Amino acid sequence: VTGRIAFLAAVVLVLTGALAAHVLPPRLVDAFIDRAVSETFEARAVDEDRFALHFCGTGSPQHQADRSQSCLALLAGGRLFLFDAGPGSSQRLREANLPITRLEAVFLTHLHSDHVSGLGDVLQVSWTYGRRGPVEVYGPPGSADLLDGFALVFQHDVEERRGKSGLDGMTAGEIMGQAREIDLSPQSGRVVYERDGVVIRAFTVVHPSWEQAFGYSISHRGKTIVISGDTNVSQTLIAEAAGADLLIHEAYNARLFNRVGAALERHGGDVDPERLEQVAEAHTSTHDLARLAQEAGVGAVYVTHLIPSIPANRWAEAAFIEGMDRLYDGPITVARDGMQIELDD
Ligand SMILES: [Zn+2]
Ligand SMILES: [Zn+2]
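Because the structure is a prediction, the values reported are computed rather than measured. (Residues numbered from 1 in each chain as written. Chains lettered and ligands numbered in written order. Predicted model: local features only at pLDDT ≥ 70, side-chain atom pairs only at ≥ 80, totals over all residues. Heavy atoms only, no water.)

Colleague: In this structure, what is going on with helix 5 (residues 143–153)? I would like to understand it.
Modeller: Owing to its 3.6 residues per turn, the α-helix brings residues three or four apart onto one side. Every buried residue belonging to helix 5 is among Ser-143, Leu-146, Leu-147 and Phe-150, and all of these are buried. Looking straight down helix 5, one finds that the buried residues subtend no more than 95° of arc, so they occupy a single side. Among the exposed residues of helix 5, those pointing more than 90 degrees away from its buried face are Asp-145, Asp-148 and Leu-152. Packing partners of the buried residues in helix 5 comprise helix 3 (113–116), helix 4 (119–128), strand 5 (136–139) and strand 6 (178–181). (Buried < 20%, exposed > 50% of the residue type's maximum accessible area, 1.4 Å probe, protein only. Helix = DSSP H or I, 4+ residues; strand = E, 2+ residues; numbered from the N terminus. Arc of directions from axis to C-beta. Contact = heavy atoms within 4.5 Å.)

Colleague: Explain the pattern of salt bridges to me, please; I cannot follow it from the model alone.
Modeller: Opposite charge on two side chains makes pairing possible when the charged atoms of those side chains draw close. Under the definition given, this model contains 20 salt bridges. Residue Arg-221 pairs with Asp-344 through a salt bridge whose shortest N-O separation is 2.3 Å. Of this pair, Arg-221 sits in the loop between strand 9 (213–220) and strand 10 (223–227) while Asp-344 is found in the segment after strand 14 (340–342), placing the two residues 123 residues apart along the sequence. The network of salt bridges with common partners includes Arg-79, Glu-104, Glu-136, Arg-180, Arg-195 and Asp-196. (Salt bridge = Lys/Arg side-chain N within 4 Å of Asp/Glu carboxyl O.)

Colleague: What exactly am I supposed to notice about the coordination of the zinc ion (ligand 2) here?
Modeller: Geometrically, a metal with four donors at the corners of a regular tetrahedron has ideal angles of 109.5 degrees, and one with six donors at the corners of a regular octahedron has ideal angles of 90 or 180 degrees. For the zinc ion (ligand 2), every protein donor is listed as Asp-114 (OD), His-115 (NE2), Asp-230 (OD) and His-305 (NE2), and the spread of their distances is 2.1 to 2.2 Å. Coordination at the zinc ion (ligand 2) is irregular, judged from the 4 donor atoms that bind it and the angles of 87 to 170° they form at the metal. The metal-metal distance between the zinc ion (ligand 2) and the zinc ion (ligand 1) comes to 3.4 Å, with Asp-230 coordinating both. Of this pair, Asp-230 sits in the loop between strand 10 and helix 8 (235–241) while His-305 sits in strand 12 (residues 300–307); the two residues are 75 residues apart in sequence, bridging distant segments of the chain. In this structure Asp-230 comes out as buried when scored by relative accessible area, which is 2%. Judged by relative accessible area, which is 3%, His-305 ranks as buried. (Donors = N, O, S within 2.8 Å, 3.2 Å for Na, K, Ca; no water. Tetrahedral: all angles 85-135°; square planar, octahedral: opposite > 155°, others 65-115°.)

Colleague: Explain the layout of surface pockets here, please?
Modeller: To locate leftover empty space, one rolls a probe as large as a water molecule over the atoms. Here the largest pocket defines a volume of roughly 520 Å³. At the level of secondary structure, the elements contributing two or more residues to the lining of the largest pocket comprise helix 3, helix 9 (254–266), helix 10 (273–282) and strand 12. For the lining of the largest pocket, the element with the highest residue contribution is helix 10, accounting for 6 residues. A class-by-class count of the residues in the lining of the largest pocket yields 9 nonpolar, 10 polar and 4 charged. Approximately 160 Å³ is the volume found for the second largest pocket. (1 Å grid on protein atoms, 1.4 Å probe; cavity = no way out; pocket = protein on both sides within 12 Å on 5 of 7 lines; lining within 4 Å. Points joined across faces, edges and corners; volume = space filled by probe spheres on them. Nonpolar A, V, L, I, M, F, W, Y, C, P; charged D, E, K, R; others polar.)

Colleague: Would you take a moment to explain the coordination of the zinc ion (ligand 1) for this structure?
Modeller: Protein coordination at the zinc ion (ligand 1) comes from His-110 (NE2), His-112 (ND1), His-207 (NE2) and Asp-230 (OD), with a distance range of 2.2 to 2.3 Å. Between the 4 donor atoms coordinating the zinc ion (ligand 1), the angles at the centre fall across 94 to 161°, so the site counts as irregular. By relative accessible area, which is 2% here, His-207 ends up buried.

Colleague: Help me understand empty space enclosed by the protein in this model?
Modeller: Summed over all chains, the structure comprises 2 cavities of 30 Å³ or more. Counted as a void, the largest cavity has a volume near 170 Å³. In this structure, the largest cavity is lined by 19 residues; those nearest its centre are Ser-70, Leu-72, Asp-84, Ile-227 and Thr-304. Going through the elements one at a time, strand 1 (52–57), strand 2 (71–76), strand 3 (79–85), strand 11 (246–252) and strand 12 are the ones with two or more residues in the lining of the largest cavity. Residue composition of the lining of the largest cavity, grouped by class: 6 nonpolar, 10 polar and 3 charged. Estimated volume of the second largest cavity: approximately 50 Å³. As for the second largest cavity, its lining consists of Thr-40, Ala-43, Arg-44, Arg-94, Leu-98, Pro-99, Ile-100, Thr-101 and Tyr-129. Sorting elements by how many residues they give to the lining of the second largest cavity places helix 1 (residues 2–44) first, with 3 residues. The residue inventory of the lining of the second largest cavity, partitioned by class, reads 5 nonpolar, 2 polar and 2 charged.

Written out as structure tokens, the structure reads:
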């Protein structure tokens, strides 16, 4: 009897194993595919009332698995706006199920690759997923060259796909973005976009050696959000951020940044102290950021474009903003990829 039970148990085990190995995986893949398609349709069903920010990239040029490079999305009035589109942006936007087909405009802070490399991909992917309106790309002088370059890169892809049903009806220029270069050379700031209560201003910041690098301020439904772009401590930014609800600002942590230099030296890398100095001059230290936030009297600070890029965990993030709370009274948050801020709350 025991032998028969053991035999039956073995048969059951083998059958269960076979079931797990051959029946379950295909079912899981089927479910995965169903979900991916239904999410695409959910993303198109936009909540017209939602007013929110979404961090689609919080890292800097050093690659870090859990932080893509510069990307911030704004949802307002049923439309999607992007502030920079570094590498990895379209992947992050899809992961968050954001309505990429409603992409209305992109605002570039400057033309460093960690802020623009993903733009061609975002434009192409939003179109193949169903975007049917043109996208305006605002940015400093040189933005039109950038778009011409992306148009050339994607030329053959766009031509081939435009012949397919459902993808016709737009010109290549509408698909791959329309440049709106902003020239602020004699001015400190002005409104560059205003539609249905969404007002966006551009202002100059200090990011050597770019002649024009911008920060942006968004006003909508009585809230003001200021975005720094890449900058050293900027007086125009302090003026633009005065009394803002949110300041989303880049930063480097001086201590961690020095550790990168020391580690490079230990590993025999040729460390040019002047180069490290130049990086520091092009950005804002965490402590300077805290001081300027206090001076501008902003309601809250989100730290992004982290230099050096650190893992997305609370220990690393606490080390990054160490000492800021002694200089700024408001709440300080280290932004993470995937983080959302609902602005009506
Ligand atoms: Zn930069
Ligand atoms: Zn940058």
